[in-house]
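Here are the chains, one letter per residue:
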Amino acid sequence: GQQLNQSPQSMFIQEGEDVSMNCTSSSIFNTWLWYKQDPGEGPVLLIALYKAGELTSNGRLTAQFGITRKDSFLNISASIPSDVGIYFCAGQLNSGAGSYQLTFGKGTKLSVIP
Amino acid sequence: NAGVTQTPKFQVLKTGQSMTLQCAQDMNHEYMSWYRQDPGMGLRLIHYSVGAGITDQGEVPNGYNVSRSTTEDFPLRLLSAAPSQTSVYFCASSRGALVMNTEAFFGQGTRLTVV
């Protein structure tokens, strides 16, 4: 099946710094999704990308769908303590059988030092 | 609007016991799925369903059964629990397999320990 490589695995940053993380795939995806997971909770959708080259923002978050459809990045500007959590990328592909399965990266654990 | 509801939140089982993890959604979503999350492994798809009466296997289906008798419910059954099934289980739903904007919404998870 498809594999997603998400990097970095973890980050320690100072409050106020910008953050960048990315995902690359050996396969093409039709949709890229970025989720955040807080401890003890399920993943929550941050940004969804549907077109190659698309750049979408959600507050301090910006994500892009790579032109090749095999990669995506997420930027967080001016980080704050509540940005702490694990960020997951997910690729979504129509398998042709009518199903939209998600393939997840292994996550980027973000720690923000006040 | 409850979204995706999973029960129980925590469970401890003995090896060989069976149990059912419940998942219900009130968004009239066609597509539902179960994932397990293990440290350093991200989320891996166990089983999914594209509609009532239709289920299929994901990446790691062994040891788990599912059924989808209604649009709202998608239970996950462990027939004979094994320590390797200790994990956090997430149920997710999305609008449909043939509809754009198919973002998946997740439940809060069930933390299962098999001893």
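Residues numbered from 1 in each chain as written. Chains lettered and ligands numbered in written order. Predicted model: local features only at pLDDT ≥ 70, side-chain atom pairs only at ≥ 80, totals over all residues. Heavy atoms only, no water.

1. Considering the confidence of the model for chain A
Thinking step 1. Per-residue confidence for chain A averages 90 on the pLDDT scale, and 92% of its residues sit at or above 70.
Thinking step 2. Per-element averaging of pLDDT across chain A places strand S10 (residues 100-104) of chain A at the bottom with 80 and strand S8 (residues 71-76) of chain A at the top with 97. (pLDDT = per-residue confidence, 0-100. Helix = DSSP H or I, 4+ residues; strand = E, 2+ residues; numbered from the N terminus.)

2. Brief notes about the sheet that holds strand S1 (residues 4-7) of chain B
All names here are of chain B.
Thinking step 1. Strand order in this open sheet of 4 strands is S1-S3-S8-S7, and the pairing throughout is antiparallel. The open sheet terminates on both sides in strands that have one partner only, identified here as S1 and strand S7 (64-66). Neighbour-to-neighbour, the strand axes of this sheet turn through a mean angle of 20°, independent of strand direction.
Thinking step 2. As defined by bridge partners, S7 adjoins strand S8 (residues 76-78) across 3 bridges and the pair is classed as antiparallel. Opposite Val66, over in S8, you have Leu76 as the bridge partner. (Pairing = 2+ DSSP bridges. Axes fitted to C-alpha atoms, helices over the stretch in contact; angles between N-to-C directions.)

3. Considering the pattern of salt bridges
Residue and element names in this part refer to chain A.
Thinking step 1. In total, this model carries 4 salt bridges over all chains according to the counting rule given.
Thinking step 2. In this structure, the salt-bridge partner of Lys36 is Asp38, at a minimum N-O distance of 3.2 Å.
Thinking step 3. Note on Lys36: relative accessible area 13%, which makes it buried. (Salt bridge = Lys/Arg side-chain N within 4 Å of Asp/Glu carboxyl O. Buried < 20%, exposed > 50% of the residue type's maximum accessible area, 1.4 Å probe, protein only.)

4. Focus: the environment of B:Gln11
All names here are of chain B.
Thinking step 1. The residue Gln11 is located in strand S2 (residues 10-13) in this model.
Thinking step 2. On the basis of relative accessibility, which here comes to 26%, the residue Gln11 falls in the partly exposed class.
Thinking step 3. Sequence spacing of Gln11 and Met32 is 21 residues, and the spatial spacing of their C-alpha atoms is 22 Å.
Thinking step 4. Residues within four places of Gln11 in sequence aside, it is in contact with Met19, Arg111, Leu112 and Thr113. (Contact = heavy atoms within 4.5 Å.)

5. Quick notes on the layout of surface pockets
Thinking step 1. Considered as a void within the structure, the second largest pocket measures approximately 440 Å³ in volume.
Thinking step 2. Forming the boundary of the second largest pocket are 24 residues, of which A:Ile86, A:Phe88, B:Gln37, B:Pro39 and B:Gly40 lie nearest the centre.
Thinking step 3. Going through the elements one at a time, strand S9 (85-94) and strand S11 (108-113) of chain A together with strand S4 (31-38) of chain B are the ones with two or more residues in the lining of the second largest pocket.
Thinking step 4. By residue class, the composition of the lining of the second largest pocket is 8 nonpolar, 10 polar and 6 charged. (1 Å grid on protein atoms, 1.4 Å probe; cavity = no way out; pocket = protein on both sides within 12 Å on 5 of 7 lines; lining within 4 Å. Points joined across faces, edges and corners; volume = space filled by probe spheres on them. Nonpolar A, V, L, I, M, F, W, Y, C, P; charged D, E, K, R; others polar.)

6. Some points on the environment of A:Thr108
All names here are of chain A.
Thinking step 1. Within the secondary structure, Thr108 is located in strand S11.
Thinking step 2. Here Thr108 falls in the buried class, since its relative accessible area comes to 0%.
Thinking step 3. Sequence-wise, Thr108 and Lys36 are 72 residues apart; in three dimensions their C-alpha atoms are separated by 9.4 Å.
Thinking step 4. Look past the residues within four positions of Thr108 in its chain and what remains in contact with it is Gln6, Ser7, Pro8, Gln9, Met11, Met21, Gly85, Ile86 and Tyr87.
Thinking step 5. Polar side-chain contacts of Thr108 include one of 3.2 Å to the side chain of Gln6. (Polar contact = N/O pair within 3.5 Å; in protein donor to acceptor, adjacent residues only side chain to side chain.)

7. Overview of the pairing of S1(B)
Residue and element names in this part refer to chain B.
Thinking step 1. Residues Val4 and Gln6 of S1 are buried on one face, while the alternating residues Thr5 and Thr7, pointing to the opposite face, are not.
Thinking step 2. The pairing of S1 with strand S3 (residues 19-25) spans 4 bridges and is classified as antiparallel. Bridge pairing links Thr7 to Gln22 in S3.

8. Observations concerning the state of the cysteines
A disulfide bridge is the covalent bond that connects two cysteines by way of their sulfur atoms.
Thinking step 1. Throughout the structure, instances matching the rule amount to 2 disulfides over all chains.
Thinking step 2. A sulfur-sulfur separation of 1.7 Å characterises the disulfide bridge that pairs A:Cys23 with A:Cys89. For the disulfide bridge between A:Cys23 and A:Cys89, the dihedral angle about the S-S bond is near -85°, and by the sign convention the bridge is left-handed. With a gap of 66 residues between them, A:Cys23 in strand S3 (residues 19-25) and A:Cys89 in strand S9 connect regions that are remote in the sequence.
Thinking step 3. For A:Cys89, a relative accessible area of 0% corresponds to the buried category.
Thinking step 4. Disulfide partner of B:Cys23: B:Cys91, at an S-S distance of 1.8 Å. Measuring handedness by torsion sign, the sulfur bridge of B:Cys23 and B:Cys91 sits at about -70° and is left-handed. A residue pair is termed long-range when its members are at least 10 positions apart, and B:Cys23 in strand S3 and B:Cys91 in strand S9 (residues 87-94) qualify at 68 residues. (Disulfide = S-S within 2.5 Å.)

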